[in-house]
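Chain residues, written in single-letter form:
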Amino acid sequence: MKALKIARQSLHAVFSSKARSFLTILGIVIGIGAVIALMALGNGAKKDLTGKISILGTSNITVVPGADVKEGPGAMHAGPGQRLAGNRGASTLTQSDLESLMEKVGSSQIKGVSGNIAGTSIFTTTDGEQRFQVTGTSDDYSEIMNLGVAEGGWYTQQEVSNGAKVLVLGHDLAQDIFGEANPIGQKLAVEGADYSVIGVLDTMDENGVTNPNTGGFIPYTAARETFQTDNFTSIVVQVQDDAGVEGAKEEVTAVLLANHGAQNVDLADFTVRSSQDLLATISSITDIMTAFLAGIAAISLLVGGIGIMNIMLVSVTERTREIGLRKAVGAKTSDVLAQFLIEALLLTFTGAIIGILFGRLLSLGAGHMLGFSTIVTGGSILLAVCVAAFIGIVFGIYPAAKAARLDPIEALRYE
Amino acid sequence: MKINSKGVAPGNGNVIELKDIHKIYKMGGEDVHALRGVSLEIKRGEFVAIMGPSGSGKTTLMNIIGLLDKPSSGDYRLDGENVNRIGKSGQAQIRNRRIGFVFQAFNLLPRTTVLDNVLLPTIYGESGDGRGRAQGLIEKLGLGDVAHHRSNQLSGGQVQRVAIARALIMEPSIIIADEPTGNLDSVTAAEIMGVFRKINTDGATLVLITHEQELAAWAGRTVRLLDGRIIGTEGAGS
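The structure presented is a predicted model; accordingly, all values stated were derived computationally and were not measured.

*Asks:* Quick question: what am I supposed to make of the overall build of chain A here?
*Replies:* When helices and strands are tallied, chain A shows 13 helices and 10 strands. Taken over C-alpha atoms, the radius of gyration comes to 33 Å for chain A, far larger than the 22 Å a tight globule of 415 residues would show. By its C-alpha atoms, chain A is 105 × 55 × 35 Å across when sized along the principal axes. Considering only residue pairs separated by 6 or more positions, chain A has 83% of its internal contacts joining residues 24 or more positions apart.

*Asks:* What's the story with the interface of chain B and chain A in this structure? I'm lost.
*Replies:* How big an interface is tends to be stated in terms of the accessible area lost upon association of its parts. Listed as interface residues are 19 residues of chain B and, on the opposing side, 18 residues of chain A. Of all the secondary structure elements, the ones that give two or more residues to the side of chain B that touches chain A are helix 2 (88–98) and helix 3 (114–123) of chain B. The biggest single contributor to the side of chain B that touches chain A is helix 2 of chain B, with 6 residues. Here the side of chain B that touches chain A is built from residues that sort into 9 nonpolar, 6 polar and 4 charged.

*Asks:* Whenever I open this one, the nonpolar core confuses me. Can you help?
*Replies:* Membership of the largest hydrophobic core comes to 119 residues, with the highest contact counts inside it found for A:Ile32, B:Ala165 and B:Val207. No other element matches the 14 residues that helix 2 (residues 18–55) of chain A contributes to this core. Not counting residues up to four positions away in its chain, the partners in contact with B:Ala165 are B:Val118, B:Leu137, B:Ile138, B:Leu141 and B:Leu143. A:Ile61, A:Leu167, A:Ala174 and A:Ile218 belong to the second-largest nonpolar core, a separate cluster that totals 49 residues.

*Asks:* Where do I start with the domain arrangement of chain A in this structure?
*Replies:* Looking at chain A, the domain boundaries give domain 1 (2–52 + 281–413) and domain 2 (93–268). Centre-to-centre separation of domain 1 of chain A and domain 2 of chain A, based on C-alpha positions: 56 Å.

*Asks:* What should I look at first to understand the sheet that holds strand 5 (residues 81–82) of chain B in this one?
*Replies:* In any sheet, the strands associate via hydrogen bonds between backbone groups, in a parallel or an antiparallel arrangement. All names here are of chain B. The strand order 2-1-4-5 describes an open sheet built from 4 strands, whose pairing is antiparallel. With one partner strand each, in any of the chains shown, strand 2 (30–43) and strand 5 form the two edges of the open sheet. Both strand 1 (residues 14–27) and strand 4 (residues 73–78) contribute to a ladder of 5 bridges, which runs antiparallel. The partner of Ile-16 across the bridge, within strand 4, is Leu-78.

*Asks:* Before we go on, may I ask you to explain the confidence of the model for chain A in this structure?
*Replies:* The predicted coordinates should not be examined in detail at positions where pLDDT is low. For chain A, per-residue confidence averages 86 on the pLDDT scale, and 93% of positions sit at 70 or higher. Note that residues 69–89 of chain A has pLDDT below 50 and, in this model, 42 contacts with residues that lie over four places away or in other chains.

*Asks:* Would you mind showing me how to read the packing of helix 3 of chain B against helix 5 (residues 156–168) of chain B here?
*Replies:* How two helices pack is summed up by the angle between their axes together with the distance between the axes. Residue and element names in this part refer to chain B. Across the interface, helix 3 lies against helix 5 with an axial gap of 7 Å and an inter-helix angle of 35°. Our pair here, helix 3 against helix 5, has a crossing hand that is right-handed. Touching Val-114, Asn-117, Val-118, Leu-120 and Pro-121 of helix 3 are Val-162, Ala-165 and Arg-166, all from helix 5. By residue class, the composition of the contact of helix 3 with helix 5 is 6 nonpolar, 1 polar and 1 charged.

*Asks:* Would you explain the sheet that holds strand 6 (residues 99–102) of chain B in this entry?
*Replies:* Residue and element names in this part refer to chain B. Strands sit in the order 6-7-8-3-9-10 across an open sheet of 6 strands; the sheet is mixed. Strands with a single pairing partner mark the edges of an open sheet, and in this sheet they are strand 6 and strand 10 (229–235). Taken over all neighbouring pairs, the strand axes of this sheet differ in orientation by 20° on average, direction set aside. The pairing of strand 3 (residues 47–51) with strand 8 (residues 206–210) spans 5 bridges and is classified as parallel. Residue Val-48 lies in a different strand from strand 8, and its bridge partner there is Val-207.

*Asks:* How should the environment of B:Glu126 be read in this particular structure?
*Replies:* Residue and element names in this part refer to chain B. In this fold, Glu-126 is placed in the loop between helix 3 and helix 4 (131–140). Looking at Glu-126, the number of C-beta atoms within 10 Å reads 10, which means it is exposed. The spacing of Glu-126 and Arg-224 is 98 residues in sequence and 37 Å in space, taken between C-alpha atoms.

*Asks:* For this particular structure, what's the right way to read the environment of A:Val376?
*Replies:* All names here are of chain A. With respect to the helices, strands and loops of the structure, Val-376 is situated in the loop between helix 11 (333–370) and helix 12 (378–405). Taking the C-beta count within 10 Å as the criterion, Val-376 has 19 such neighbours and is therefore assigned partly exposed. Distance in space between the C-alpha atoms of Val-376 and Gly-359 is 9.0 Å, their sequence separation being 17 residues.

*Asks:* What am I meant to see in the pairing of strand 10 of chain B here?
*Replies:* Here is the key point about a regular strand: its side chains alternate between the two faces of the sheet. Residue and element names in this part refer to chain B. In terms of strand pairing, strand 9 (residues 221–226) meets strand 10 through 6 bridges, oriented antiparallel. Each residue of the ladder has a partner; that of Arg-224, found in strand 10, is Gly-232. Following strand 9, the chain reverses through 2 residues before pairing antiparallel with strand 10; Asp-227 in that reversal takes a positive phi of roughly 50°.

*Asks:* I tried to follow helix 9 (residues 275–318) of chain A on my own but got confused; where do I start?
*Replies:* It helps to recall that an α-helix has 3.6 residues per turn; residues three or four apart then point in one direction. For helix 9 of chain A, with 44 residues, the first-to-last C-alpha span of 63 Å sits near the 64 Å given by 1.5 Å per residue. All of the buried residues along helix 9 of chain A are A:Ser275, A:Leu278, A:Thr290, A:Ala297, A:Leu301, A:Gly304, A:Gly305, A:Gly307, A:Ile308, A:Met312, A:Ser315 and A:Val316.

*Asks:* Please explain unusual backbone geometry as it appears in this structure.
*Replies:* Residue and element names in this part refer to chain B. For Arg-111, which is not a glycine, the phi torsion comes out positive at approximately 55°. Here Arg-111 shows up in the loop between strand 6 and helix 3. Of note, Glu-179 is a non-glycine position whose phi angle comes to about 45°, a positive value. Tracing the backbone shows Glu-179 in the loop between strand 7 (174–178) and helix 6 (186–201). A count of 19 C-beta atoms within 10 Å places Glu-179 in the partly exposed class.

*Asks:* What is the right way to read the environment of A:Lys104 from this model?
*Replies:* All names here are of chain A. By the element assignment, Lys-104 lies in the loop between helix 3 (95–103) and strand 2 (110–125). Overall, Lys-104 belongs to the partly exposed group, with 17 C-beta atoms counted inside 10 Å. Placed 147 residues apart in sequence, Lys-104 and Glu-251 show a C-alpha to C-alpha distance of 9.2 Å. Not counting residues up to four positions away in its chain, the partners in contact with Lys-104 are Ile-110, Glu-251 and Val-255.

Analysis parameters
Residues numbered from 1 in each chain as written. Chains lettered and ligands numbered in written order. Predicted model: local features only at pLDDT ≥ 70, side-chain atom pairs only at ≥ 80, totals over all residues. Helix = DSSP H or I, 4+ residues; strand = E, 2+ residues; numbered from the N terminus. Rg over C-alpha atoms; globule rule 2.2 N^0.38 Å. Contact = placed C-beta atoms within 7 Å. Nonpolar A, V, L, I, M, F, W, Y, C, P; charged D, E, K, R; others polar. Core = buried A, V, L, I, M, F, W, Y, C linked by C-beta atoms within 7 Å. Buried ≥ 20, exposed ≤ 12 C-beta atoms within 10 Å, placed from the backbone. Domains from an automatic or database assignment. Pairing = 2+ DSSP bridges. pLDDT = per-residue confidence, 0-100. Axes fitted to C-alpha atoms, helices over the stretch in contact; angles between N-to-C directions. Left-handed = near helix turned anticlockwise from the far one by under 90°. Expected span 1.5 Å × (residues − 1).

Take a look at the structure:
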């Protein structure tokens, strides 16, 4: 009852000088707004990125040559790092590795396998000559990567075995080269070798790692000859379901270790990685970015808190006689402390609520301009409210204590 | 001593009993002897003026009677209860329930209605919200028309009547008025003194601190202070 009455006094003080209260909380509004907006953008960017990775299929495993040095997304088969880098040399993933893994198909978690050879070729488009990515793959590749064929067809197991010089074009690449004409059956030179176009893909979603729309696909056996390389740039393994990924990773590792005569994973000359690993890496990067940005925004909250302390101190001085009067009519030290602390908390909470709304608007605006998704999570709102409470107490306690300590005789005499 | 529910000791009718009160301040390293052995009794229902020039110690005496300050030595009984050894929060509680203050500078809360100003002491008490009692006092003091006006919209006389209502709201044992007409013109001052006389007639015990002989004349008894000592008492009970 008494606490409620005291809280009402605080409320009255805050709302009887609205302009000053608003200016006091402006720092908190901007600080909380910035934290909310940046976290919303960070979370949105994370969702966009992981969403793109998920298109790859979260149940795929990629084997790349070389020990496990952190190569990032470029280590994925035919990743952006290799797009224009020409043919990869000195790979240790051999035909026998591919065959060993293909023997496991059906009898284990492994559902499909594709050996890939990344390369590039110059094509003449309507805009002139340009270099594009051409990937040699197994026949399973279209199924593993969920590639849909719009016209013609994908190459068969037979064509892969025979090293047939056939080419499937990404949707955009086909249009760049042939325009409105039907590409099926046309001849196209890949690094000087003649290929015939047998299929054009549907427009596919970009997946954040590769863009199948602007690439071409040929049987790996043909790629071997055309790109003059023996071994695979990567081997992609499709797993039955997400839950089997870890088990399949172990199985793939065991098969390849045996093939390569290595005793354990530390001696392996290859790296087995799942899409989930990549997701985890990207998530951790975006999380760090989000935390970093929010941390910078939090500095403005500190400044806002100091602003509140400043105004509260001025207010305590101005209201010295009021404090003296309250004490004379029976307010205890703790009553005065409570009144001014509640005032500080009211200010910071009001600032936090306006700041959350402001941050939401800011993130919507920024997201719209940058083409990002924005997500305001319950967690970021909770964080904002906790930070506001913390600031209210930390920066409110000193002015409140100063008010509470005033001697009533001195305070009543104050001019 | 046994104290009844209203905090009033049975037996003798003294609200205030001061015995040999001394007050020594330290000021700039020097001792200032503000009160040098003051003994004073104030009966329930009395209207006492404490008179003296500035520096006589009347403000110090008021602070001690009002439990805003403690004597350096001596004995103070309020409603028969020894209040010498009470701590700060205990003093605050007694001020809230048993003492009403009226100040020269009025000290109303700014931007606050008459009603809320009158209700101020009830915030710090344990009783209910006192709204009905406040309305009654506001009517009684002729403030009914302005009950919901803000304190800065009132005349000087109205402001001081609000302060008197605020002093009465907790039904205190004693009301201490410190130069209550010091900031008012003579007509308004007389009006306010009339209010004091009326509430005294209605049963309130009053202590008026003043340096003006004319105001002291309104009281039933005048106690004269000089250099920290009582030098004379006039009127009833002297």
